[in-house]
Amino acid sequence: MEAVLDQVRVKPQPRRVFMLGVALALAVVIFAIDTLSPLDMAIAVLYAVVVLFLTNEVERRTLLLVGAACVGLTMLSFTIMHRENYNLASVMRCIVSIAAISVTTLLSLKNQKATRALREQADLLDLSHDAVFVRGDSDIITYWNQGAERLYGWPRAEAVGRKASQLLHTVFPESPLEIREAVHRAGRWEGELSHTRRDGTPVVVMSRWSLQRDARGRPIATMETNSDITQRKRAEDGLHQAQAELAHVTRVATMGELTASIAHEINQPLAAVVTNGEACLRWLGRDVPDLGEAKSAVEQMIRNGRRASEVVARLRALARRGEPLRLPVDINEATGEALLLLERELSNHRVALDLSLDPKGPHVLGDRVQLQQVLINLALNAIQAMDAVPEARRCLHLETSTRDEAGQRRVLIKITDTGPGVDPQNLPLLFNAFYSTKSDGMGMGLSISRSIIEAHNGLVSATLVEGGGMCFSVTLSEHEEPSS
Ligand code: ADP
């Protein structure tokens with residue numbers, strides 16, 4: 001393609017002058033042979049070479065003039081040579097030569113027109129803001145538009161003829177061989193690529209490849225259209241980072257709300273350690289030390305010490321800030337752990353717990369801490385909301401189950417309360433950031449919960465329960481543990 005376009009691009013002036021000079025010299029030589037040589041041949045036919053020589057060098061009008069001049073020279077030679085004694089053979093030779101020159105000129109003009117149309121179409125590619133280039137055999141660049149010049153900083157003259165992946169230091173999202181196979185199979189490919197500009201700066205592009213085939217269906221070239229998405233990627237990364245930070249901050253804030261429960265969780269086993277320690281001393285201080293009782297007191301101490309350290313470990317896990325993980329999580333186990341931190345909250349708010357766990361112990365793929373954060377957020381909201389109803393009616397239902405949904409195994413976690421619910425018209429607002437009806441509420445809990453669940457390719461929704469209360473449902477894809 002580039003070769004064709006090169007032919008039709010406007011030639012620089014010195015080159016044109018040179019070519020015209022060569023053509024003129026050629027015409028003079030032909031004229032001399034035609035006029036002076038005694039050969040009985042249609043030498044003037046060779047003027048067609050002069051016309052062909054200039055086809056891609058001069059514009060339409062000049063070419064027409066060149067053709068006319070060649071015809072004129074042919075007739076001039078004929079007149080000089082056969083002024084007195086012209087015969088049928090020489091007239092026929094002259095006519096054949098003039099016909100050859102005319103036909104060549106006409107065909108050359110037609111060729112020029114077709115090439116110009118092609119150039120205009122190709123120039124359209126230069127209007128594109130995207131980088132468009134064509135790669136032929138062995139990844140060699142054969143066409144390079146202005147968008148590519150702008151994006152990569154390589155001028156056309158330097159890019160054409162180079163290997164694309166080497167010139168742009170392409171980093172592929174999968175093996176280049178696999179991409180090549182996909183292009184040959186489907187005729188197209190789309191994906192993100194990382195390139196390096198001429199000045200060494202990186203650029204991320206959304207790349208679309210289309211395969212060009214010849215009449216027999218054999219691949220001959222690939223057109224690559226690349227749009228710069230570096231800024232967008234940077235913004236997305238920033239957003240991802242900001243969301244992670246926010247999730248961490250709200251998690252720590254939630255832990256702040258749980259201070260009473262946490263203190264109790266740690267205090268209880270520690271108090272038991274002290275009691276057991278005292279009992280142990282008493283058993284040992286007897287006239288005849290009761291070693292059996294002392295041993296069991298020490299064992300109790302160890303158990304309680306372990307329990308306290310487990311709570312601390314769980315808290316540290318919740319407070320940890322790190323990249324979200326994608327690991328199998330036993331949903332029942334994760335729910336149980338989250339409830340341990342909520343135990344005190346439930347009793348403080350006089351809320352009964354109704355737990356119904358799927359006996360199969362379903363797993364999902366995700367970040368245990370983040371999923372627990374969601375459960376704690378939802379349960380804490382429910383517990384707090386139930387402050388508005390009489391104690392006897394306060395009950396938190398927590399249910400895990402699995403089901404088939406459009407042929408996919410799903411895990412469902414339902415958190416239902418018997419509180420006052422919300423005004424139906426506010427239901428769509430619940431998951432909005434900063435929506436809160438609490439005087440000290442941040443309004444981030446549900447919004448963060450939703451982004452966590454969506455990042456796990458799941459869904460979270462809220463519905464009003466008939467007779468009062470709210471039900472929050474979290475749906476996630478079930479992760480089938482490989483049977484060992
Ligand atoms: P916050 O708890 O800081 O207000 P959330 O995003 O967790 O922020 O909750 C937003 C709002 O949704 C709450 O202020 C409350 O009005 C409402 N809400 C959430 N859960 C419940 C519930 N179980 N029952 C009633 N209202 C709820």
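Sequence order sets the numbering: in each chain, residues are counted from 1 along the sequence as written. The model is predicted, so local features are restricted to residues of pLDDT at least 70 and side-chain atom pairs to those at 80 or more, both for listing and for counting; the totals for chains, interfaces and linings are taken over all residues. Hydrogen atoms and water are omitted, and side-chain values are computed over all heavy atoms in the structure.

Caption draft 1: Main features of the pairing of strand 4 (residues 202-213). Strand pairing is assigned whenever DSSP identifies at least 2 bridges connecting the two strands. Only DSSP runs of H or I covering at least 4 residues are called helices, and only runs of E covering at least 2 are called strands; the numbering of each starts at the N terminus. Bridge count for strand 3 (residues 188-196) against strand 4 is 9 bridges, and the pairing is antiparallel. From the neighbouring strand, Gly191 faces strand 4, where its bridge partner is Ser207. Where strand 3 folds back onto strand 4 in an antiparallel hairpin, the turn is made up of 5 residues, including Gly200, whose phi is positive at roughly 90°. Here strand 4 pairs with strand 5 (residues 219-228) via 9 bridges, running antiparallel. Among the inter-strand pairings, Arg213 is bridged to a residue of strand 5, identified as Pro219. Connecting strand 4 to the antiparallel partner strand 5 that follows it, the hairpin turn spans 5 residues, and Gly217 within it adopts a positive phi of roughly 85°.

Caption draft 2: Spatial organisation of the packing of aromatic side chains. Classification of ring pairs uses Phe, Tyr and Trp, with its six-membered ring standing for Trp, and accepts pairs whose centres are within 6.5 Å; under 30 degrees between planes counts as stacked, over 60 as edge-to-face, and the remaining range as tilted. Counted by the stated rule, this structure contains 5 aromatic pairs. Their ring planes at 80° and their centres at 6.4 Å tell us that Phe172 and Trp209 sit as a pair that is edge-to-face. One end of the pair, Phe172, is in the loop between helix 8 (164-167) and helix 9 (176-186); the other, Trp209, is in strand 4, with 37 residues separating them in the sequence. Note on Phe172: relative accessible area 24%, which makes it partly exposed. Residue classification places Trp209 among the buried residues on the basis of a relative accessible area of 8%. Judged by centre distance (6.2 Å) and plane angle (75°), the ring pair of Phe431 and Phe472 falls under edge-to-face. Here Phe431, found in the loop between strand 10 (408-416) and helix 15 (445-455), pairs with Phe472, found in strand 12 (residues 470-477); they are 41 residues apart in sequence, far enough to count as distant. Accessible area is worked out with a 1.4 Å probe on protein chains only. A residue is then buried under 20% of its type maximum, exposed over 50%, and partly exposed in between. The class of Phe431 is buried, set by a relative accessible area of 8%. Taken together, Phe133, Trp144 and Tyr152 form an aromatic cluster joined through their ring pairs. Lysine NZ or arginine CZ positioned within 6 Å of the ring centre and within 35 degrees of the ring normal marks a charge as sitting over the ring. One Lys or Arg, Arg135, reaches over the ring of Trp209 and ends 4.4 Å from the middle of that ring.

Caption draft 3: Here's a closer look at the packing of helix 12 (residues 291-319) against helix 13 (residues 331-348). Only the stretch in contact is used when fitting a helix axis, every axis being a line fitted to C-alpha atoms; angles between N-to-C directions are given from 0 to 180 degrees. Taken N-terminus to C-terminus, the directions of helix 12 and helix 13 make an angle of 105°; their axes are 11 Å apart at the nearest point. Classified by the interaxial angle, the pair formed by helix 12 and helix 13 is roughly perpendicular. Facing Arg307, Arg314, Leu315 and Leu318 of helix 12, the residues of helix 13 in contact are Glu337, Leu340, Leu341 and Glu343. When residues are sorted by character, Ala, Val, Leu, Ile, Met, Phe, Trp, Tyr, Cys and Pro go into the nonpolar class, Asp, Glu, Lys and Arg into the charged class, and all the rest, Gly among them, into the polar class. A per-class count over the contact of helix 12 with helix 13 returns 4 nonpolar, no polar and 4 charged. Angle categories are assigned with fixed cut-offs, so that under 35 degrees is roughly parallel, over 145 is roughly antiparallel, 65 to 115 is roughly perpendicular, and the rest are oblique. Here, residues are in contact when the closest pair of their heavy atoms is within 4.5 Å.

Caption draft 4: Spatial organisation of the pattern of salt bridges. Salt bridges are defined by distance alone: a side-chain nitrogen of Lys or Arg within 4 Å of a carboxyl oxygen of Asp or Glu. The full count for this structure, using the stated rule, is 18 salt bridges. One salt bridge in this structure joins Arg156 and Asp126, with 3.3 Å as the shortest N-O distance. Taken together, the positions of Arg156 in helix 7 (residues 156-159) and Asp126 in helix 5 (residues 88-127) put the pair 30 residues apart, joining distant regions of the chain. Neither Arg156 nor Asp126 differs from the other in exposure class; each is buried.

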